Amino acid sequence: MDQVAVTAFFQTLVQGLLTGGLYALIGTGLSLIFGVMKIINFAHGDFLAIGMFITLALFKAFNLDPYLSLLVAAPIGFSLGYVIQRFVLARLGDRLGEGSLLATLGLGLIISNTLLLGFGAQPQSINVPYAINTFKFAGVQVSVSLLIAGLGTVLAISALNLVLYRTELGRAIRATAQNPLGAELQGVKTSNIQAIVFGVGVSFAAIAGVLLMPLLYTFPTVGENYVTKAFIVTVLGGLGNLPGAIAGGLVLGVIESLGAFYVSNNYRDAYGLIAFLLVLLLRPEGLFGKTVKRV
Amino acid sequence: MTTLTPVTSRPRALTFGNVWLSVALVAILFIYPFLFGKTLNFGISTLLFAGFAMSWNILGGWAGQTSLGHAALLGIGAYAMTLLATPERLPPFLTSPLAPWWGALVGMVIAVAVAAVWGWLTFRLQGSYFALSSIAVALVIRLVAINAEWTGGAEGLFMPELPKLFGFDLFDRKVEYWLAFGFVVLTLVITHLIRRSRMGYALQAVREDEDGARALGIDPARMKLLAFMLSAALMALGGSLYALYLQAFEPHTILELPLSIQIALLAIIGGRTTIQGPLIGALVLSIFGEVFRNVFSNANLLIYGILILMVTLFAPNGIMGLFQKAGSKLGTAR
């Protein structure tokens, strides 16, 4: 391979890894929720849209730096998730499996259509000078805002890991995920824990939305594009497997970038979908999970 | 042990009431164009969506497999008919008055084949996994339609001029109404027939308790596959009629995820374990949608979101479930 081809390969790889980091952030929230509650949140993409629109609205109203919106979007996402788990999903009782699918679909439609009423259907973006800045590292161009997004992802996921494995709350969350009844008997308020987990999952989606906003146009149904990415990430990594979600995100980003560069850009979204279907069919426990013994 | 829902254990008398409810609904739809001739567009789209919801329900209700990718099958029907209605693509002996219907037939065959492969691959997945995979399959089909040349790409297709069907102009809204009406009657009759057939009982057994059904000698995967193929054939037929009605369409309107979700929600809000539920759901939501379109313009799916949330929380068997509850209370009072 000549020098140009090598640089092009690394350029594509870096692009893929950085995008993949964002996918990982979106997927982590979904995977966390699945891991603890065993439900799939179909409104996840719409929570991401909320993060984007909070950033957009604050920028338009106060010219607020998009990354400062994190301070608003994360708590709003958390409270929203907490309330939804407490007052909607918790009421489904033993119909949680199918019920949560429909309830979160409904919530997603309510969110996207409310955004449509409030902001209109036109794609909108924000203009910050550093969003388009790039720098060169060993011949590879890196976009500044994509790098910030990647760093944000690493920080958010590390913080989550610290909480999960170093705090009393984390112990309670892990206990609830493993055996809700047993945890309840040990004095863990599982209903509260589940609401906290749903809140954290939603706030992760909102944070991803904030980090994406300087890079992309937003519109009320933008979540549709990302909810499928989140599903792909979680399935690639194994549902409920958090390190898997990170790896799944990176894999998805790289598959998309390489496929778009070396095969055809038109089918960019198809590579991930096909990988998703293959993993779902051949290895439902995910690429990186322990092989589940099949009956 | 198998838990029987009210549907499977309903007394015979009420099942007859069931048939009468269908007859009454069909009668209402029959007289509609004589009363509201000016709003035929509304009537046609309502009927088509009622037919889509009932086709979806053969898989989604009777077999209990929540598909969120049915728009792909609808799209196959629409594309097949439109592509094969263009005279240049057909041998001359086929450009008879029946010309566009060869296309519809081809669409049904392709849809059945796609459903067979799709179902064979994904019916090993349980519950939400199947719903997830159905989104992925439908999105792949949509990407092909957007990027291929023969599908007209992102711009989509125009329905060409069509030969008259026994003297009837297929672009006449009245003719289209009766075609859509026929489609609804067909899906309704087929659902009634399935309900009382061996297959119908087997499907309900699979839906309620897959392991139990297997113990009775039913092959759940085969049953689900049959239901999916039937559902796909009807969906593609409906798609062909939808293409006639739209006259021009693009992948973004006919293959998109929200359309799949909308079809599924019509059936679920109406009541997926009943025969007429999807029909009722489509009628109720069309009227709601029409009213709210003026208030909320393009945010009219808001009402779907609110209703599906209410139904999930308070009426898990849909609008028909509420009727049945009221009916059985009356029954015990007597």
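- The name given to chain A in an unreviewed UniProt entry is High-affinity branched-chain amino acid transport system permease protein LivH, with Deinococcus marmoris as the source organism.
- Note on chain A: under the UniProt heading Sequence similarities (unreviewed entry), the record states "Belongs to the binding-protein-dependent transport system permease family. LivHM subfamily."
- As stated in UniProt under Subcellular location (unreviewed entry), the record for chain A gives "Cell membrane".

## Some points on the overall build of chain B
Thinking step 1. Scanning chain B from N- to C-terminus turns up 14 helices and 2 strands.
Thinking step 2. Each of the 334 residues in chain B was classed as buried or not, and the buried ones make up 57%.
Thinking step 3. Counted over contacts in chain B with a minimum sequence separation of 6, partners at least 24 positions apart contribute 80%.
Thinking step 4. With an accessible surface of roughly 14600 Å², chain B has 70% of that area assigned to carbon and sulfur atoms.

## Some points on a nonpolar patch on the surface
Residues and elements named next belong to chain B.
Thinking step 1. Together, Phe30, Ile31, Phe34, Leu35, Phe36 and Trp178 give the surface a local cluster of nonpolar side chains, amounting to about 630 Å² of exposed area.
Thinking step 2. Top contributing element to the nonpolar patch by residue count: helix α1 (residues 12-35), with 4 residues.
Thinking step 3. Mapped onto the elements of the fold, Leu35 is located in helix α1.
Thinking step 4. On the basis of relative accessibility, which here comes to 59%, the residue Leu35 falls in the exposed class.

## Some words on the UniProt feature "transmembrane region" (unreviewed entry) in chain A
Residue and element names in this part refer to chain A.
Thinking step 1. Listed under "transmembrane region" (unreviewed entry) in the UniProt record, and renumbered for this structure, are residues 20-40, 47-64, 70-89, 101-122, 142-164, 195-219, 231-255 and 267-284.
Thinking step 2. Helix makes up 86% of residues 20-40 and strand 0%, and the two end C-alpha atoms of the span are 21 Å apart.
Thinking step 3. Along residues 231-255 the backbone is 84% helical and 0% strand, and the end-to-end C-alpha distance reaches 15 Å.

## Let's talk about the pattern of salt bridges
Thinking step 1. Under the definition given, this model contains 10 salt bridges over all chains.
Thinking step 2. The partner of Glu256 of chain A in a salt bridge is Lys229 of chain A, and the shortest N-O contact between them spans 2.7 Å. You can see Glu256 of chain A sitting in helix α10 (residues 242-262) and its partner Lys229 of chain A sitting in helix α9 (residues 223-237), a full 27 residues away along the chain.
Thinking step 3. Take Glu256 of chain A: its relative accessible area is 2%, and that puts it in the buried class.
Thinking step 4. The class of Lys229 of chain A is buried, set by a relative accessible area of 10%.
Thinking step 5. A salt bridge links Glu210 of chain B to Arg214 of chain B; the nearest nitrogen and oxygen atoms lie 3.7 Å apart. Note that Glu210 of chain B and Arg214 of chain B are positioned in helix α8 (residues 210-215) at a spacing of 4 residues, about one turn of the helix.
Thinking step 6. In this structure Glu210 of chain B comes out as buried when scored by relative accessible area, which is 17%.
Thinking step 7. Connected through shared salt-bridge partners, Lys229, Glu256, Arg268 and Asp269 of chain A make up one network.

## A short note on the side chain of Ser240 of chain B
Residues and elements named next belong to chain B.
Thinking step 1. Structurally, the position occupied by Ser240 is in helix α9 (residues 220-246).
Thinking step 2. Residue Ser240 is classed as buried on the basis of its relative accessible area of 0%.
Thinking step 3. Those residues in contact with Ser240 that lie beyond four places of it in its chain are Gly77, Ala78, Met81 and Ala104.

## Topic: the interface of chain B and chain A
Thinking step 1. With 41 residues of chain B at the contact, the number on the chain A side is 38 residues.
Thinking step 2. Buried area between chain B and chain A, both sides added, is near 3400 Å², and the carbon and sulfur share of it is 79%.
Thinking step 3. Our count for the contact surface shared by chain B and chain A stands at 0 salt bridges.
Thinking step 4. Remark: the boundary between chain B and chain A carries 1 residue pair in polar contact (both at pLDDT 80 or more).
Thinking step 5. Counting residues per element, the ones that place at least two in the side of chain B that touches chain A are α4 (99-122), α5 (128-147), α11 (257-270) and α13 (302-314) of chain B.
Thinking step 6. Among the elements that take part in the side of chain B that touches chain A, α5 of chain B stands out by supplying 13 residues, more than any other.
Thinking step 7. Among the residues forming the side of chain B that touches chain A, the class breakdown is 29 nonpolar, 9 polar and 3 charged.

Criteria and thresholds
- Residues numbered from 1 in each chain as written.
- Chains lettered and ligands numbered in written order.
- Predicted model: local features only at pLDDT ≥ 70, side-chain atom pairs only at ≥ 80, totals over all residues.
- Heavy atoms only, no water.
- UniProt positions renumbered as here; feature names shortened; annotations may be inferred.
- Helix = DSSP H or I, 4+ residues; strand = E, 2+ residues; numbered from the N terminus.
- Buried < 20%, exposed > 50% of the residue type's maximum accessible area, 1.4 Å probe, protein only.
- Contact = heavy atoms within 4.5 Å.
- Areas by Shrake-Rupley, 256 points an atom, 1.4 Å probe, with all protein chains shown as cover.
- Patch = residues over 30% accessible without salt bridge, like charges linked within 9 Å, V, L, I, M, F, W, Y side chains within 5 Å.
- Salt bridge = Lys/Arg side-chain N within 4 Å of Asp/Glu carboxyl O.
- Buried area = accessible area lost by both parts, 1.4 Å probe.
- Polar contact = N/O pair within 3.5 Å; in protein donor to acceptor, adjacent residues only side chain to side chain.
- Nonpolar A, V, L, I, M, F, W, Y, C, P; charged D, E, K, R; others polar.

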